[in-house]
Amino acid sequence: MFNYLTGYGRPTHYRKVLIAPNQLRDGILEQIDRTIAAHSEQAPARIEMKMNSLVDGRCIRALYRASQAGVQVDLNVRGICCLRPGVAGVSDNIRVVSIVGRLLEHSRVYAFERDGEHTIYISSADLMPRNLDHRVELAVPIASEDARAELLDTLDRAFADNQNSWELDDEGRWSRRVPGPGERPRSLQLELAERYAARAAEHGRAREAAASLR
């Protein structure tokens, strides 16, 4: 990809990564279609996505097809969302939440669960025509099991957030989520901050222990 950007190479195919403006949209659409094909009552499939904006018409129509096929689709869209969830016969199986907290997030995660396995990409691109058609963007599949588990954990925390989360209804209205009966308060940003602070402290102690043995 960097050879392409600097003008020293013109690759037409990449084995793993998805590149815009040539392949990224088609790669996401292929993953959605594969998830639809794999879905059954005995082995339900699922799509989870985290992004800033969802505008691209082809991607939205593909997610509608997934919902109509029975695939559960969970979307964390911080800003613009042109998809309408919960419309009978169209998007019954789609949920859209937006988390607006202290921190401005730009992470994009596209996760597809089928046959008990996950295909997970992290990306620079939102699903918008300006990203998919008019910019150079990159989506990278995650192979490390530890990294995959951490990304899935982050998605779970995003959909459990009931402090800074808003949910979109079938009329295009946003309503703020609050803890239900018996639920404890959950905040994605706070939980991740605490998790990474604890990890940094643990690494610091490990470095100090290693230094004391020298």
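Residues numbered from 1 in each chain as written. Predicted model: local features only at pLDDT ≥ 70, side-chain atom pairs only at ≥ 80, totals over all residues. Heavy atoms only, no water.

> Just checking my understanding: could you explain the sheet that holds strand β9 (residues 174–176) for this structure?
Think of a sheet as strands paired side by side through backbone hydrogen bonds, with each pair either parallel or antiparallel. Strand order in the open sheet formed by 9 strands is β1-β7-β6-β5-β2-β3-β4-β8-β9, with mixed pairing between adjacent strands. The open sheet has two edge strands, β1 (18–20) and β9, and neither has a second partner. Each strand axis lies, on average, 20 degrees off the axis of its neighbour in the sheet, ignoring direction. In the sheet, β1 pairs with strand β7 (residues 137–141) via 3 bridges, with the strands oriented antiparallel. Residue pairing in the sheet places Ala20 in a bridge with Glu137 of β7. Packed on one face of the sheet, helix α2 (residues 24–38) meets β1, β2 (46–51), β5 (108–114), β6 (117–123) and β7 and runs near 30 degrees to β5. (Pairing = 2+ DSSP bridges. Helix = DSSP H or I, 4+ residues; strand = E, 2+ residues; numbered from the N terminus. Axes fitted to C-alpha atoms, helices over the stretch in contact; angles between N-to-C directions. Contact = heavy atoms within 4.5 Å.)

> Even after reading the chapter, I still don't get the pattern of salt bridges, so can you show me in this structure?
Side-chain pairing between opposite charges can occur once the charged atoms of the two side chains come close. Applying the stated criterion across every chain yields a total of 18 salt bridges. Between Asp56 and Arg25 there is a salt bridge; the shortest N-O distance is 2.7 Å. With Asp56 in the loop between β2 and α3 (57–68) and Arg25 in helix α2, this pair connects stretches of sequence that are 31 residues apart. Judged by relative accessible area, Asp56 falls into the buried class, the value being 4%. Between Asp33 and Arg65 there is a salt bridge, with the nearest N and O atoms lying 3.1 Å from each other. In this pair, Asp33 sits in helix α2 while Arg65 sits in helix α3, placing the two residues 32 residues apart along the sequence. Each of the salt bridges in this network shares a partner with another, and the network as a whole consists of Glu150, Asp153, Arg157, Arg186, Glu191, Arg195 and Arg199. (Salt bridge = Lys/Arg side-chain N within 4 Å of Asp/Glu carboxyl O. Buried < 20%, exposed > 50% of the residue type's maximum accessible area, 1.4 Å probe, protein only.)

> What am I meant to see in the packing of α2 against α3 here?
Helix-helix packing is characterised by the crossing angle of the two axes and by the distance between the axes. α3 packs onto α2 with a crossing angle of 5 degrees between their chain directions and a minimal axis gap of 10 Å. Judged on the interaxial angle alone, α3 and α2 are roughly parallel. Here Arg25, Asp26, Leu29, Ile32, Asp33 and Ile36 of α2 lie close against α3, whose contacting residues are Arg58, Cys59, Ala62, Leu63, Arg65 and Ala66. Here the contact of α2 with α3 is composed, by residue class, of 7 nonpolar, no polar and 5 charged. (Parallel < 35°, antiparallel > 145°, perpendicular 65-115°, else oblique. Nonpolar A, V, L, I, M, F, W, Y, C, P; charged D, E, K, R; others polar.)

> Mind showing me how you'd approach the side chain of Glu137 here?
Here Glu137 is to be found in strand β7. At 2.5 Å, the side chain of Glu137 forms a polar contact with the side chain of Ser124. Beyond its immediate chain neighbours, meaning those up to four positions away, Glu137 contacts Leu18, Ile19, Ala20, Leu24, Ser124, Ala125 and Asn131. (Polar contact = N/O pair within 3.5 Å; in protein donor to acceptor, adjacent residues only side chain to side chain.)

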